[in-house]
Amino acid sequence: MNTSVTVMIYTQNKERGERLIKEAFEEAGRIERIMEPRKGDGELRQINERNRSGWFVLSPELSAVMEEAWRYYELSGGAFDPTIAPVKWLWEFDEGGKIPEETELKDNLRFVGMSSIELRGDSLFVPDTRIKFDLGGVAKGFAVDRMIDYLQKNDVESILVNAGGDIAFRGEKPGEKPWVIGMRHPRLNRTIVLSNNPYPAVATSGDYERCFFEDGVRYHHILDPESGFPARGCISVTVWTNTAMDADILATTIFVLGPEKGLALAERLDNVETCIYFETDGHVESVLSSGVRGRIGL
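Residues numbered from 1 in each chain as written. Predicted model: local features only at pLDDT ≥ 70, side-chain atom pairs only at ≥ 80, totals over all residues. Heavy atoms only, no water.

Visitor: Teacher, can you tell me more about the sheet that holds strand β13 (residues 273-280) here?
Guide: Spatially, β1-β5-β6-β9-β12-β13-β14 is the arrangement adopted by the 7 strands of the open sheet, whose pairing is antiparallel. Each edge of the sheet is formed by a strand with only one pairing partner; in this case those strands are β1 (5-10) and β14 (283-288). Within the sheet, the average angular offset between the axes of one strand and its neighbour, ignoring direction, is 10°. Two elements, β13 and β14, share 6 bridges in a ladder whose sense is antiparallel. Within β14, the residue paired with I276 across the bridge is V287. This element, helix α7 (residues 244-257), spans β6 (166-170), β9 (201-206), β12 (236-241) and β13 of the sheet and lies at about 30° to β9. Across the sheet, helix α8 (residues 259-268) lies against β13 and β14, angled at about 175° from β13, the strand it touches most. (Pairing = 2+ DSSP bridges. Helix = DSSP H or I, 4+ residues; strand = E, 2+ residues; numbered from the N terminus. Axes fitted to C-alpha atoms, helices over the stretch in contact; angles between N-to-C directions. Contact = heavy atoms within 4.5 Å.)

Below you can see the structure in the form of structure tokens.
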């Protein structure tokens, strides 16, 4: 998933614990193969490389992720959109990044928009071979949830999984000590700690994670599906909620929406809290949803 993944568990048997962690990583690898959009021979790659339009029957895993992506596409008015793929790939962030040619960008933007596809149960209809999917804003969170689920099913009660800032945890550390999760300030070299995490999953999207500079301008990988350019309203968004997948999607979605609309979306949803950083006239400012105000020292 192009990131580092850490799994921490507490068990009575070290050998069994190490085996379970290994198996949890194998589950994450299986999910990655399904969701990888451009490499290997996984399911999403095959859909993206198809030579026909029409209906495709999805695996349970890809169906679940597509269904959640569709839900947030509608909730956000299109701010979260996995069909951004043909535009996202033009930026070549995996190779260091470059600004696409204007004509090429406009041509690929014609094929961005989940409203052009249909999702019925486990079946996906794609009307044009030039429509592609990139699940970078959701697949990592889904993999974290699956790792947590696997460990819980094997009677592990104390778990923390961190996949490049997509974090989920269950239970407590020995001695009834809570998991302590820090939040990086987007411009200062310091970490902010939240006491008593409101929900068992947290994710952060920031303009500092994958970016490059040209003529003094920062270009980052969180794109606005409408323009095809990096979204400029926020510089960092952290979301707390019940699942890593939802936290992953919402951090991206709120970042694209910007502080005002993003905060309104978080306040509208049940079991969601957010911290949004943005810049005004060169100054870093922040806003918190109502459930975490007074609990974070920004």
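Visitor: Hey, could you run me through the sheet that holds strand β2 (residues 54-57) in this one?
Guide: Strand-to-strand pairing in sheets goes through backbone hydrogen bonds, with the strands running parallel or antiparallel. Read from one edge to the other, the open sheet built from 3 strands follows the order β2-β4-β3, with strand pairing classed as antiparallel. Edge positions in the sheet fall to β2 and β3 (118-120), since each of these pairs with one other strand and no more. Strand after strand, the sheet turns through a mean of 20° between neighbouring axes, direction not considered.

Visitor: Explain the environment of H220 here, please?
Guide: With respect to the secondary-structure elements, H220 resides in strand β11 (residues 217-220). Overall, the relative accessible area of 1% leaves H220 in the buried class. Sequence-distant contacts of H220, that is, excluding residues within four places in its chain, are made with F93, D207, R210, C211, P230, A231, R232 and F255. Side-chain polar atoms of H220 contact the backbone nitrogen of I222, separated by 3.1 Å. A polar side-chain atom of H220 sits 2.8 Å from the main-chain carbonyl oxygen of A231. (Buried < 20%, exposed > 50% of the residue type's maximum accessible area, 1.4 Å probe, protein only. Polar contact = N/O pair within 3.5 Å; in protein donor to acceptor, adjacent residues only side chain to side chain.)

Visitor: For this particular structure, what's the right way to read the packing of helix α1 (residues 14-35) against helix α6 (residues 139-153)?
Guide: Angle between the axes and distance between the axes: these two values describe a pair of packed helices. At their nearest, the axes of α1 and α6 sit 9 Å apart, and the two run at 150° to each other. As α1 runs across α6, the sense of the crossing is right-handed. For the pair formed by α1 and α6, the contact residues are L20, I21, E23, A24, F25, E27, A28, R30, I31 and M35 on the first element and A139, F142, A143, R146, M147, Y150 and L151 on the second. By residue class, the composition of the contact of α1 with α6 is 13 nonpolar, no polar and 4 charged. (Left-handed = near helix turned anticlockwise from the far one by under 90°. Nonpolar A, V, L, I, M, F, W, Y, C, P; charged D, E, K, R; others polar.)

Visitor: What is the right way to read the pattern of salt bridges from this model?
Guide: Working definition: two side chains of opposite charge can pair if their charged atoms are close together. Throughout the structure, instances matching the rule amount to 18 salt bridges. Here K88 and D134 are joined by a salt bridge, their closest N and O atoms 3.1 Å apart. Taken together, the positions of K88 in helix α4 (residues 85-88) and D134 in the loop between β4 (123-126) and α6 put the pair 46 residues apart, joining distant regions of the chain. Judged by its relative accessible area of 17%, K88 is buried. On the basis of relative accessibility, which here comes to 12%, the residue D134 falls in the buried class. (Salt bridge = Lys/Arg side-chain N within 4 Å of Asp/Glu carboxyl O.)

Visitor: Explanation requested: the nonpolar core in the structure shown.
Guide: In summary, soluble globular proteins display a tendency toward joint burial of nonpolar side chains. Ranked by internal contacts, the top residues of the largest apolar core, which has 48 residues, are M35, L62, M66, F133, L135 and V239. Considering each element in turn, this core owes the most residues, 8 residues, to α7. When residues no more than four places from it in sequence are discounted, the contact partners of F133 are P37, L44, I47, N48, M66, P82, T83, A85, W89, I117, L124 and V126. Counting residues in hydrophobic clusters, the runner-up holds 17 residues, among them L160, W240, L288 and I296. (Core = buried A, V, L, I, M, F, W, Y, C linked by side-chain atoms within 4.5 Å.)

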